[in-house]
Amino acid sequence: MTPFEIGLIALALMGFLVLLGMHVPIALIACSFLGVWAIKGSPLLASKMLGLAANDAISSYFFGVVPLFVLMGFLVSESGMGRDSFDVANAMFRRIKGGLGIGTIAANTIFAAITGISIASAAVFTKIAVPELRRHGYTPRFSVGLVAGSSVLGMLIPPSLLLILYGLLTEQSIGDLFLAGVGPGLLLAILFGMGTVLMALFVPGIVGQNLGQVEAPLSARQLLAKGLPITLLIALVLGGIYVGFFTPVEAGAIGTVGALLIGLAKGTLNAKSLWRVLVETGLVTAAVCFLIVAAQMYSRMLSFSGLPGAFGEIVASAELGLYGLILIYVLVVILFGMILDSSSIMLILVPLMLPVVVPMGVDLVWFGIITVIAVEVGLLTPPFGISVYVIKSTLDDPYIKLSDIFIGAAPFAVMMLVCLAAVVFFPVIATGLLGR
Amino acid sequence: MTSETIGRATMPGRFLRVLDAVTLVANVAGSCLIVGLVILITADVIGREALGAPVSGVPELVSLSIVAIVFLQAPQALRAGRLTRSDGVLDAIKSRKPRLADALETVFDLVGIAVLGAILYAHWPIMTRAWERNDFVGAVGDFTAPTWPVKAMLAVGAALLALQFVARILRRYLS
Amino acid sequence: DSFNATVVAGHPGVFRWVKMVDEAFVPGVNAALEGSGHTMSFDGQYGGSIAKVGDELETVEAGLAEIGICQSLFDPAKLAVQNVTYYTPFVNDDPRAVSDLMDELHKSDPRMTEAYTQNGVVYLGAPVGIDDYLLMTKFPIADLGDLDGKKIAAPGPAINWLSGTGAVGVSGNLTTYYNELQAGVYDGVIVFASAALPGKLYEVAPYVTRAGLGAQYAGALCANADWYDDLPDEAKQALHTGADAAKEWYLAALEGAVETSFKVMGENGATITDASDEMRAAWAAGMDNAAKTWAEGLDGQGIPGSEVLSLYMDTMRGEGATPLRNWDQE
Ligand code: NA
Ligand code: NA
């Protein structure tokens, strides 16, 4: 058997085991182990690969702040700010069918300007938004799907870990890339909002019956009382980043302290609830990061098999026009998105595509935005969809299955493709802010 | 299916109680590390902006701690049923052939024990050498931190996780 | 016979020290093997696909890859004495001179190669030389006093260079410089020209001050010792020949890039100035002697830190360099 064939078998085996119900990280690690054993012919080397990856894979500053953003989200939720902000959003959009859905997307768009990683958005809004959406009559599937979908805004609207990575790979200005992410990010948020309203109007069976008519309108005083704390927190975090007091990475810690102080001031936090939040944060962090460790092992095994490189070379060497090339490229990225994590896809495919697209005179900033949107579709697609996994492990509700979240997220993945097509055919959406 | 349904005085019962207690301690240690990170980063930001005296080594400590946090808390995450899995097919099997489902789950747990064993086997020399050679992160003259404590916590966490897989099998057949 | 080697690098292929593998090392090895009856094929795994930055040595040692770009800068515990250049600023600003000298010391002095042997790898060559570190700031610098109270980011051991300047040293790295400078988290950075250009740092920190902090040695190609020992002599020799070719290619490319960097940064509105001799002297004089702390710390662990420090400084002085501080003799 060639390494290439071993890679293919390892892929199929992973899909099979996950479907059958093995814990996803264990399935990934087991397939990595067997794959490297088969490729290198040595179980000893295979276990060394696992040992090194266990030590190295998440040992980075960027992953280090995952628990901080999760903790901030839980504090926002536990202190009642999450519920308050949704009462406000609901009051503002209460005349629109699906108004709370729009509120969720709007809140996620703002949060995306704080965080650089989508898994943070997914974890935070699972905690804040899902209970509120369900309380207001949205179906469980739609509630989690909406949160999964809008979590992708986290890595499209700056700051974005993926855009930083792309900038390093292609020597493009990260500042330019960030600016270019704003237009498509807002477009995607608007598409999500329109999609939510349209679905609420025409397929209420999917979204939920009797939406938005639950609450009485809020008085100005109530609006202020409910809206002010969360506004203060957002102002603290966003303001601090833009004034340069702290980095978006550090914002996780500062936001946590801010949320804690506000919660204590509101009198909604006590020692017991704080401890519960802390334990919960640990469990979510462990579930998410253990998965990332396993995914790293798995992608290292695939690298040994040469599978991703071979796929990429086929695309790169096919004689296609620009749009043909982009189409195939996007398809391959989405395909990879089913089985690999975002940064692995980027690291494998972008260096392969650069020598192909540069001679065609392609604007690399535009190409970067296309890449990021396509990569992010993978956050929502089975069997390996990290945003969906994060929501599942944050939610801790046995009645909502992984498959429910994937199904719920599907309409949003489709809207992402619409956004992607718009950016492909109207590059100005991305590059307009750069004056290109 | 709690440990209490297995006789408390029996060997497996005692094992499960001690294991769950140790798992909880690891979980608490991980939570304390998260609080530590919040304090550390906040102190760094305030020190840098207000006092002109940042805390040295924050990126290094953060990237070390996350490894410890994850491995210390993964056992409790498994115990609490929070490790990601897709349970649709398994549930369908369970409702028709509960014994087959149990057997399948046991095979899965054995795979978990096996891969964690492989990780521990490869990790052991990495850990002992980090201890023997004083491996550190950071830069001498500014800030350094030894890597062995985190590598030890990784070992403890991985071992507890493997034992929690053992515990799943025990609970399945002894309760 | 035919041999296979996986080459790992944590940095992606756009970095010059990774590019040298496919551009010069591989063709160099193949050319040297011609007619020997041996062939060697290479599988480049870059950008962290198998090993992250700083984990290359461990990966090669474990045998998961045969060859790697072993980054002493990012693996300071295992490749300790190799960081001697980062503890001795103001010694030499020419990357070619620093690379040549470090390469030569590795080939002639067992105290330099011991670190590799202890970690189960073999030094092949092709040192990753880094061009002269300089200051890039959001504000003009006339003398050392201008740094007072400013937040300056520096990578790894280079943060020691800010001691005594009055600046607030913040540890940072290339991946975040642009954003943090733009946001104002830092007022300036310590960086090298060949990275400042592709990182477009001149857009956010347009004042470039060349203070001659010094060229550096950051790593080199290394091979798994067991794999290397089993190779026939011709193949071993070919690896070293290939590494020498890579070194030549790398230094030529680096020197070209440095020249271009200053030119393009200047054209794009950067103000490039050379620090005055007074400022350099004051800076050097005010610094802590981190080299001594570092070397004595190594001595205490049975690693010849002080000896390597003297070896490096003596050889540099012997080659005509005029260090602003004799770090080894204080
Ligand atoms: Na963002
Ligand atoms: Na996916």
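Keep in mind that what you see is a predicted model, and the values were worked out from it rather than measured. (Residues numbered from 1 in each chain as written. Chains lettered and ligands numbered in written order. Predicted model: local features only at pLDDT ≥ 70, side-chain atom pairs only at ≥ 80, totals over all residues. Heavy atoms only, no water.)

**Looking at the overall build of chain B**
Part 1 of the argument: When helices and strands are counted, chain B shows five helices and two strands.
Part 2 of the argument: Reading chain B from its N end, one meets helices and strands in the order α-α-α-α-β-β-α.
Part 3 of the argument: For chain B, the C-alpha radius of gyration of 20 Å lies well beyond 16 Å, the compact-globule estimate for 175 residues.
Part 4 of the argument: Projected onto its principal axes, the C-alpha coordinates of chain B cover approximately 65 × 35 × 35 Å.
Part 5 of the argument: Taken across its 175 residues, chain B has 50% of its residues classed as buried.
Part 6 of the argument: Contacts in chain B between residues at least 24 apart in sequence constitute 71% of all its contacts with a sequence separation of at least 6.
Part 7 of the argument: Accessible surface for chain B amounts to roughly 7500 Å². Of this, 69% is attributable to carbon and sulfur atoms. (Helix = DSSP H or I, 4+ residues; strand = E, 2+ residues; numbered from the N terminus. Rg over C-alpha atoms; globule rule 2.2 N^0.38 Å. Buried < 20%, exposed > 50% of the residue type's maximum accessible area, 1.4 Å probe, protein only. Contact = heavy atoms within 4.5 Å. Areas by Shrake-Rupley, 256 points an atom, 1.4 Å probe, with all protein chains shown as cover.)

**Points about the interface of chain C and chain B**
Part 1 of the argument: Across the boundary between the two partners, chain C contributes 21 residues, which contact 16 residues of chain B.
Part 2 of the argument: Both faces combined, the contact of chain C with chain B buries some 1400 Å², and carbon together with sulfur accounts for 53% of it.
Part 3 of the argument: Our count for the chain C to chain B interface comes out at three salt bridges.
Part 4 of the argument: Between the two partners, chain C and chain B, sit seven residue pairs in polar contact (both at pLDDT 80 or more).
Part 5 of the argument: At the level of secondary structure, the elements contributing two or more residues to the side of chain C that touches chain B comprise helix 2 (56–62), strand 7 (168–171) and helix 10 (290–300) of chain C.
Part 6 of the argument: A per-element tally of the side of chain C that touches chain B places strand 7 of chain C first, with four residues.
Part 7 of the argument: Along the lines of polarity and charge, the residues of the side of chain C that touches chain B split into nine nonpolar, eight polar and four charged. (Buried area = accessible area lost by both parts, 1.4 Å probe. Salt bridge = Lys/Arg side-chain N within 4 Å of Asp/Glu carboxyl O. Polar contact = N/O pair within 3.5 Å; in protein donor to acceptor, adjacent residues only side chain to side chain. Nonpolar A, V, L, I, M, F, W, Y, C, P; charged D, E, K, R; others polar.)

**Details of the UniProt feature "transmembrane region" (unreviewed entry) in chain B**
Residues and elements named next belong to chain B.
Part 1 of the argument: Under the present numbering, the feature "transmembrane region" (unreviewed entry) in UniProt falls on residues 21–41, 61–78, 103–124 and 152–170.
Part 2 of the argument: The span residues 21–41 is 100% helical and 0% strand by assignment, and the distance between its end C-alpha atoms comes to 31 Å.
Part 3 of the argument: A distance of 26 Å separates the end C-alpha atoms of residues 61–78, which is 100% helix and 0% strand. (UniProt positions renumbered as here; feature names shortened; annotations may be inferred.)

**As for the interface of chain A and chain B**
Part 1 of the argument: Counting from both sides, the interface comprises 60 residues of chain A and, opposite them, 53 residues of chain B.
Part 2 of the argument: Between chain A and chain B, a total of about 4800 Å² is buried, with carbon and sulfur atoms accounting for 74% of that surface.
Part 3 of the argument: For the interface between chain A and chain B, the tally reads four salt bridges.
Part 4 of the argument: For B:Arg82, the salt bridge goes to A:Glu280, with nearest N and O atoms at 2.7 Å.
Part 5 of the argument: Between chain A and chain B we count nine residue pairs in polar contact (both at pLDDT 80 or more) in total.
Part 6 of the argument: The set of elements that each furnish at least two residues to the side of chain A that touches chain B consists of helix 1 (3–20), helix 2 (24–40), helix 3 (43–56), helix 4 (61–64), helix 5 (66–78), helix 14 (251–266), helix 15 (271–305) and helix 20 (386–395) of chain A.
Part 7 of the argument: The leading source of residues in the side of chain A that touches chain B is helix 15 of chain A, at 15 residues.

**A few points about the sheet that holds strand 11 (residues 271–274) of chain C**
Residues and elements named next belong to chain C.
Part 1 of the argument: Pairing within the open sheet is mixed, and its six strands lie in the order 7-6-8-5-9-11. Every other strand in the sheet has two partners, leaving strand 7 and strand 11 as the edge strands with one partner each. Strand-to-strand, the axes of this sheet are offset by a mean angle of 35°, without reference to chain direction.
Part 2 of the argument: In terms of strand pairing, strand 9 (residues 207–217) meets strand 11 through four bridges, oriented parallel. By the bridge assignment, Arg210 is partnered in strand 11 with Asp274.
Part 3 of the argument: Sheet contacts for helix 5 (residues 174–183): strand 6 (151–154) and strand 8 (188–192); angle to strand 8, the most-contacted strand, approximately 145°. (Pairing = 2+ DSSP bridges. Axes fitted to C-alpha atoms, helices over the stretch in contact; angles between N-to-C directions.)

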